[in-house]
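Spelled out, the chains give:
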Amino acid sequence: MNDELSWEEWEALCEMMNGYIKTQVLSTACDLGVFDVIERGATLASLAERLEIDEHGCRVLLLGLRQLKLVSVSETGAITNAPLARRCLLRNAQQSMVPFVRLNDQIQHRACLHFTQALREGRNAGLDEFPGDAPTLYGRMATDPSLERLFHEGMGAYTRLSPRMMAMEEFGSVSRLLDVGGGDGTNAIRLCERYPSLKVTLIDLPSVIEKARANIEAHGLADRVTCEAVDMFTDPWPSGCDGVIFSHVLEIFSPAKIQSLYRKTRAYLDDNGQLFVWSLMCNDDEDGNLQSIKSSLYFVTVASGEGMAYPVADHVRWLSEAGFVDVTKYDARSIDHCALVAR
Ligand SMILES: C[S@@+](CC[C@H](N)C(=O)[O-])C[C@H]1O[C@@H](n2cnc3c(N)ncnc32)[C@H](O)[C@@H]1O
């Protein structure tokens, strides 16, 4: 038997062993604001000077960024941003993902280093990175305002990136939408901008509601969006809505908790009401892509100690068991998401 590794096997192994390097190069570049400096025109010497790092370090960083195809260097030494860097990695770009890169680095990646321990101990061991006693990341962030701000800025950037959720025309027939775990109001604001007659009641934990209120007021939407501190599991929900949305919320929790939220929604809505789900989901054969795997690791290792990017079929079954009919699926497989509307 030939026991030499083939080139393909070696390459596959390297990809797995070294994948974190891509994440680290991206995080460091965003921390330093490299793309913003390059956008104003740069060479190795001027980049090093403006970043206040030595040229050798700058060469190493550029080696990584060129491999990621985020920058290129001309024969004359001029460094330029690739279109993707210009679109998503400048701090003030409309679709900037810099806040999410920060969330990824300081919460998700940091906590996921505890994955083995989380599996062995059957608990979200990554939470040990964040002081406090609360059993979920959300509870711990409530006592750490800067971490909570970083989290919601990142989530807002991530959620804003996808047009698919906003495009469910069924929102047009809803008068008032209950946005459960609505975060800093990013979705409520976008939905109100797109659907001019829509009103929203946003519920979330108390510290998050303060952020949502400030954000809604800053967008001049206080007359259309009300925000209330409500625990989605244990408190009654504010009345008066004919639609309910869970965006990036259900997948954080166990199947039993999702089923109880679906039953609670069914009992809350009248027979003409509509339920909207926007969630990370894996393929029905559980052969997921990187985003669904990454988020599942994050839920298990830190966010809640449970949860997963469940298959679409699981959600459809749970909805039917809770008494919903007519489930429409809007696939967003390219980003490991699916949108569902149930009546
Ligand atoms: C991943 S964020 C999603 C935010 C927003 N919906 C979005 O799509 O960007 C999950 C949200 O659920 C909220 N949350 C977690 N547990 C909650 C609970 N028990 N009651 C109400 N909100 C909760 C968190 O505070 C957080 O804002």
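Numbering of residues begins from 1 in every chain and follows the order in which that chain's sequence is written. Reporting of local features is limited, given that this is a predicted model, to residues whose pLDDT is at least 70; pairs of side-chain atoms are given and counted only at 80 or more, and all residues count toward the totals for whole chains, interfaces and linings.

Here's the deal with the site of the ligand
Cut-off, in case you're wondering: Any residue qualifies as near a molecule or strand once its backbone-derived C-beta atom lies within 6 Å of it. Strands here mean DSSP runs of E at least two residues long; helices mean DSSP runs of H or I at least four residues long; both are numbered from the N terminus. Any residue that is not Ala, Val, Leu, Ile, Met, Phe, Trp, Tyr, Cys, Pro, Asp, Glu, Lys or Arg is counted as polar, Gly included; the first ten are nonpolar and the last four charged.
Neighbouring the ligand are 17 residues; T159, G181, G183, S247 and H248 lie closest to it. For the shell around the ligand, the secondary structure elements donating two or more residues are helix 9 (145-160) and helix 10 (186-194). Grouping the amino acids of the shell around the ligand by side-chain chemistry returns seven nonpolar, eight polar and two charged.

Considering the sheet that holds strand 6 (residues 243-247)
Strand pairing in a sheet is mediated by backbone hydrogen bonds. Such pairs are either parallel or antiparallel. Formally: Paired strands are those between which DSSP finds at least two bridges. Lines fitted to C-alpha atoms define the axes, with helix axes restricted to the stretch in contact, and inter-axis angles between N-to-C directions lie between 0 and 180 degrees. Any two residues are considered in contact once their C-beta atoms, placed from the backbone, lie within 7 Å.
What the seven strands build is an open sheet, ordered 5-4-3-6-7-9-8; its pairing is mixed. If you trace the sheet from one side to the other, it starts and ends with strand 5 (225-229) and strand 8 (328-332), each paired once. The sheet shows a mean angle of 15° between the axes of neighbouring strands, taken without regard to direction. The pairing of strand 6 with strand 7 (residues 274-280) spans five bridges and is classified as parallel. Paired with S247 across the two strands is W278, which belongs to strand 7. Here helix 10 sits on the sheet and contacts strand 3 (176-180), strand 4 (199-204), strand 5 and strand 6; the angle it forms with strand 4, its principal contact strand, is near 175°. Relative to the sheet, helix 11 (residues 206-218) contacts strand 4 and strand 5, its axis offset from that of strand 5 by approximately 165°.

Notes on the nonpolar core
Defined as follows: Each nonpolar core comprises buried Ala, Val, Leu, Ile, Met, Phe, Trp, Tyr and Cys residues, the members being joined through C-beta atoms within 7 Å. Exposure in this text rests on C-beta crowding, where 20 or more other C-beta atoms within 10 Å of a residue's own make it buried, 12 or fewer make it exposed, and counts in between make it partly exposed. The C-beta atoms are placed from the backbone. The domain limits used here are those given by an automatic or database domain assignment.
Of all hydrophobic cores here, the largest spans 89 residues; its most connected members are A29, L89, L177, A188, V200 and V277. Domain assignment of the residues forming this core places at least three in each of domain 1 (7-88) and domain 2 (161-296 + 304-342). Discounting chain neighbours no more than four positions away, the residues touching L177 are L191, L198, V200, C241, G243 and I245.

Here we look at the domain arrangement of the protein
The domains assigned to the protein are domain 1 (7-88) and domain 2 (161-296 + 304-342). The distance between the C-alpha centroids of domain 1 and domain 2 comes to 37 Å.

Some details on the packing of helix 1 (residues 7-32) against helix 6 (residues 98-112)
The line we're drawing: Oblique is the label for every angle not falling under 35 degrees (roughly parallel), over 145 degrees (roughly antiparallel), or within 65 to 115 degrees (roughly perpendicular). Handedness of a crossing follows from how the near helix is turned relative to the far one, being left-handed for an anticlockwise turn of less than a right angle and right-handed for a clockwise one.
For the pair helix 1 and helix 6, the least separation of the axes is 10 Å and the interaxial angle reads 125°. Judged by the angle between their axes, helix 1 and helix 6 are oblique. As helix 1 packs across helix 6, the resulting crossing turns out to be left-handed. In this structure, helix 1 uses T23, L26, S27 and C30 to contact helix 6, whose residues at the interface are V98, V101, R102, D105 and H109. Split by residue class, the contact of helix 1 with helix 6 holds four nonpolar, three polar and two charged.

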